Amino acid sequence: MTGLELPPIGYGTSGDETDAVWTDSVAAALDAGYRHVDTAQMYENEAQVGAGIRQSSVDRSEVVLATKVHPTNLAPDDVRRTTRESLDRLGVDSVDMLYVHWPARAYDPETTLPAFDALHDEGLVDHVCLSNFTPALLDEARSILDAPVAAHQVECHPLLPQRELRAYAEQHGHRLVAYSPLGRGQILDHPVLAEVAAKHDVSTAQVCLAWAVAHDIVPIPKATGTHITENLAATSLSLDTADLAAIDSIEERQRVIDPDIGPWNRE
Ligand code: NAP
């Protein structure tokens, strides 16, 4: 056990929104009941996310706050320097989760990961987390890190169910966090998802999120406006065995995030 407790659904913050929209959306998400907020150096909105937390009625101590070190900042001195810069932008003394965003560019496990351990030892980072790793890269990282891996974040949704990485997470005791859990909106008209949604009189987005929760996956959908509360309401949607069997037998595969950034997981 790593001690990391994540609510069933978190809130993602990657997108082209303006500064004010991010601040207001993060505040709205927290006021609506989200307690896990995911940002990254790459999103260039840490200051706005921090402002959103302060603007909300929720105390910082109740929020599981995650950020990620940019792949170009993974040399050890840069990990230390840029993580402190992230904390300054967020306006916090520590983050709950710090991810290696991608095992690419400046990532060198022998030097990058001890820098994460040092931040963990200093109390600037509560939980060391990884993103976009393969099982082999997870094995390697776990053999180097002193701190336990608390979460592994990858693209995951009904058209990219990540069975191998889910089994790996269960076996090794970390959480599987699903990014792009709605496939960035590109999978929401799938007929099987639409059929399950119609049966329960909910949206296909809610079906995607309830599917993840039913499989012990932590989805972090990005949303603005009314989607914020719609997505959180998926926690009260209970899919039955037939629904899950229908979704789990979808054979099409679709990956919506595929940047030319280095090695990443493949099904
Ligand atoms: P996503 O959450 O699958 O999809 C976001 C898109 O879906 C937005 O266009 C949003 O539009 C729309 N949407 C949200 N709720 C909806 C609903 N109920 N009905 C219809 N459309 C809805 O994609 P994502 O932003 O790529 O992934 C989520 C988070 O994961 C990111 O924000 C980021 O925090 C993280 N992430 C991490 C990595 C990584 O490498 N670790 C990569 C990508 C993403 P509106 O804004 O209009 O609501």
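No experiment lies behind these values; they were computed from the predicted model shown.

Student: Before we go on, may I ask you to explain the site of the ligand in this structure?
Tutor: Residues in contact with the ligand amount to 27 residues; listed here are only the nearest, D38, S180, R184, K222 and H227. In this structure, an oxygen atom belonging to the ligand sits 2.9 Å away from a side-chain N or O atom of N132. Within the side chain of H227, a nitrogen or oxygen atom sits 2.6 Å from an oxygen atom of the ligand. Across the complex, the protein chains shield 86% of the 900 Å² of accessible surface that the ligand would expose by itself. Among the elements that take part in the shell around the ligand, helix 9 (residues 227–232) stands out by supplying three residues, more than any other. Classifying every residue of the shell around the ligand gives ten nonpolar, twelve polar and five charged.

Student: Explain the packing of helix 8 (residues 204–214) against helix 10 (residues 241–248) here, please?
Tutor: When two helices pack together, their arrangement is given by the angle between the helix axes and by the axis-to-axis distance. Following both chains from N to C, one finds helix 8 and helix 10 inclined at 100 degrees, their axes separated by 11 Å at the closest point. Viewed along their axes, helix 8 and helix 10 adopt a mutual orientation that is roughly perpendicular. Contacts between helix 8 and helix 10 involve V207, W211 and A214 on the former and, on the latter, L244, I247 and D248. Here the contact of helix 8 with helix 10 is composed, by residue class, of five nonpolar, no polar and one charged.

Student: Help me understand the pattern of salt bridges in this model?
Tutor: Two side chains of opposite charge can pair, provided their charged atoms sit close to one another. Counted under the stated rule, the structure contains 13 salt bridges. The salt bridge partner of R81 is D78, with a shortest N-O separation of 3.2 Å. Of this pair, R81 and D78 both sit in helix 3 (residues 76–90), three residues apart, which is roughly one turn of the helix. The class of R81 is partly exposed, set by a relative accessible area of 41%. Judged by its relative accessible area of 22%, D78 is partly exposed. One salt bridge connects K199 with D240, and the closest N-O pair in it is separated by 2.8 Å. Separated by 41 residues along the polypeptide, K199 in helix 7 (residues 191–200) and D240 in the loop between helix 9 and helix 10 bring together distant segments of the chain. A relative accessible area of 49% means that K199 is categorised as partly exposed. In this structure, a network of salt bridges that share partners links the residues D78, R81 and E85.

Student: Mind showing me how you'd approach the environment of E252 here?
Tutor: Its location among the elements puts E252 in the segment after helix 10. Taking the relative accessible area as the measure of exposure, E252 reaches 43% and is therefore partly exposed. Through-space distance from the C-alpha of E252 to that of L159 is 6.1 Å; in sequence the pair is 93 residues apart. Once residues lying within four places of it in the same chain are set aside, the contact partners of E252 are L159 and H190. Reaching out from E252, the side chain makes a polar contact with the side chain of H190 at a distance of 2.9 Å.

Conventions used here
- Residues numbered from 1 in each chain as written.
- Predicted model: local features only at pLDDT ≥ 70, side-chain atom pairs only at ≥ 80, totals over all residues.
- Heavy atoms only, no water.
- Near = heavy atom within 4 Å.
- Polar contact = N/O pair within 3.5 Å; in protein donor to acceptor, adjacent residues only side chain to side chain.
- Areas by Shrake-Rupley, 256 points an atom, 1.4 Å probe, with all protein chains shown as cover.
- Helix = DSSP H or I, 4+ residues; strand = E, 2+ residues; numbered from the N terminus.
- Nonpolar A, V, L, I, M, F, W, Y, C, P; charged D, E, K, R; others polar.
- Axes fitted to C-alpha atoms, helices over the stretch in contact; angles between N-to-C directions.
- Parallel < 35°, antiparallel > 145°, perpendicular 65-115°, else oblique.
- Contact = heavy atoms within 4.5 Å.
- Salt bridge = Lys/Arg side-chain N within 4 Å of Asp/Glu carboxyl O.
- Buried < 20%, exposed > 50% of the residue type's maximum accessible area, 1.4 Å probe, protein only.

In short, the description is geometric, and any link to function would need to be established separately.
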